[in-house]
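So you can see what is in the structure, the chains are spelled out below.
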Amino acid sequence: PTRRRPRSGPVKKVNLCDEGAHIMTESQLDELFAALMVEGQWRPYPASTLRRQVDGWNFEDGIRTSPPKHLGFLSDLVAILWAALQYRHGESVIPMQMLLCLYTSSEDGCPDHRHATRQLTLSLGRQRCLKVDGYRYWMGHGDMVELDGQYHGVPPSAPEDVYVGPRISINLFYALRSLSLIHI
């Protein structure tokens, strides 16, 4: 089989509270953000030119393993997001990793990079810029994008940006069952 080509260009941003989504309420997002700020076992991300903190877990052999005990409150959200991904793609989704990133200051960021897997990113907390293939998206509380190999990153806040607080991104990495035999 041949290797699939990464998608490029703009991505669609949706909010979990929008009329079309109705996945979570604003107060549920607030509670989730507050719980992650308190319960997350945040540690510095190694080997990065920009600072951020991370938490998360890997899925063993593509099985939807439960979150670690300190993140157990994410189980319902993860189940909802997996179901939404399977519905969107019309096929089984193979989970690979859940990576949580915490940006606590205007200097925090994530350099431009790409993954050989698909990724769903959900933003919680204060608005921050997400760059995807040169496009800039202001990701607010509850905003979500799906990436498929695009270059992306979170630049530090520019001096003209008003930094007002921390942001957490919840990143689900996955593959589609139909592509699981292709080297991804």
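Our structure is the block above this text.
Source: prediction; values computed, not measured.

Draft legend 1. The arrangement of the sheet that holds strand β7 (residues 128-132) in detail. The 4 strands are arranged β5-β10-β7-β8 in an open sheet whose pairing can be described as antiparallel. Edge strands, defined here as strands with exactly one partner in the open sheet, are β5 (110-113) and β8 (135-139). Each strand of the sheet is rotated relative to its neighbour by a mean of 20°, with strand direction disregarded. Note that β7 and strand β10 (residues 152-154) share 2 bridges and pair antiparallel. By the bridge assignment, Lys131 is partnered in β10 with Gly153.

Draft legend 2. Quick look at the nonpolar core. In terms of nonpolar packing, the biggest core is built from 30 residues, with Leu36, Leu74, Leu124 and Ile170 touching the most fellow members. In contact with Ile170, other than residues within four places in its own chain, are Leu32, Leu36, Leu77, Met98, Leu99, Leu100, Leu120, Thr121, Leu122 and Leu124. Leu130, Val132, Tyr137 and Val145 belong to the second-largest nonpolar core, a separate cluster that totals 14 residues.

Draft legend 3. Quick look at the environment of Arg128. Structurally, Arg128 can be placed in strand β7. What makes Arg128 buried here is its relative accessible area of 2%. Residues Arg128 and Pro155, 27 residues apart in the sequence, show an inter-C-alpha distance of 8.5 Å. Among the polar contacts made by the side chain of Arg128, one reaches the main-chain carbonyl oxygen of Ser105 at a distance of 3.3 Å. A distance of 2.6 Å separates a polar side-chain atom of Arg128 from the backbone oxygen of Asp108.

Draft legend 4. Quick look at unusual backbone geometry. The backbone of Asp133 sits at a positive phi, close to 50°, despite the residue not being glycine. Note that Asp133 resides in the loop between β7 and β8.

Draft legend 5. Layout of the packing of aromatic side chains. Applying the stated criterion across every chain yields a total of 3 aromatic pairs. Taking the centre distance of 5.7 Å and the plane angle of 75° together, the rings of Phe59 and Trp82 count as edge-to-face. Of this pair, Phe59 sits in the loop between β3 (53-58) and α2 (75-89) while Trp82 sits in helix α2, and the two are 23 residues apart along the sequence. Look at Phe59 and you get buried, because its relative accessible area is 6%. Aromatic pair Trp82 and Tyr174: ring centres 6.3 Å apart, planes at 85°, arrangement edge-to-face. Taken together, the positions of Trp82 in helix α2 and Tyr174 in strand β11 (residues 167-176) put the pair 92 residues apart, joining distant regions of the chain. On the accessibility criterion, Trp82 (3% relative accessible area) is buried. Among the aromatic side chains, those forming a connected cluster through ring pairs are Trp57, Phe59, Trp82 and Tyr174.

The rules behind the values
Numbering of residues starts from 1 in every chain and runs along the sequence as written. In keeping with the model being predicted, local features are shown solely for residues with a pLDDT of at least 70 and side-chain atom pairs are shown and tallied solely at 80 or more, while totals for entire chains, interfaces and linings include all residues. The basis for every side-chain value is the complete set of heavy atoms in the structure, and neither hydrogens nor water enter the calculation. A strand pair is defined by DSSP finding two or more bridges across the two strands. Think of it this way: any DSSP run of H or I at least four residues long counts as a helix, any run of E at least two long counts as a strand, and we number them from the N terminus. Only the contacting stretch of a helix is used when fitting its axis, a line to C-alpha atoms as for every element, and angles between N-to-C directions run 0 to 180 degrees. By nonpolar core we mean a set of buried residues, namely Ala, Val, Leu, Ile, Met, Phe, Trp, Tyr and Cys, connected to one another through side-chain atoms within 4.5 Å. Only protein chains enter the area calculation, which uses a 1.4 Å probe; residues under 20% of their type maximum are buried, those over 50% are exposed, and those in between are partly exposed. Residue contacts are counted whenever heavy atoms from the two residues lie within 4.5 Å of one another. In the analysis that follows, any N or O atom pair within 3.5 Å is treated as a polar contact, provided that within protein one partner can donate a hydrogen and the other can accept it, and provided that, for residues neighboring in sequence, both atoms belong to side chains. Planes of paired rings set the category: under 30 degrees apart is stacked, over 60 is edge-to-face and the rest tilted, where pairs are Phe, Tyr or Trp rings (Trp by its six-membered ring) whose centres lie within 6.5 Å.

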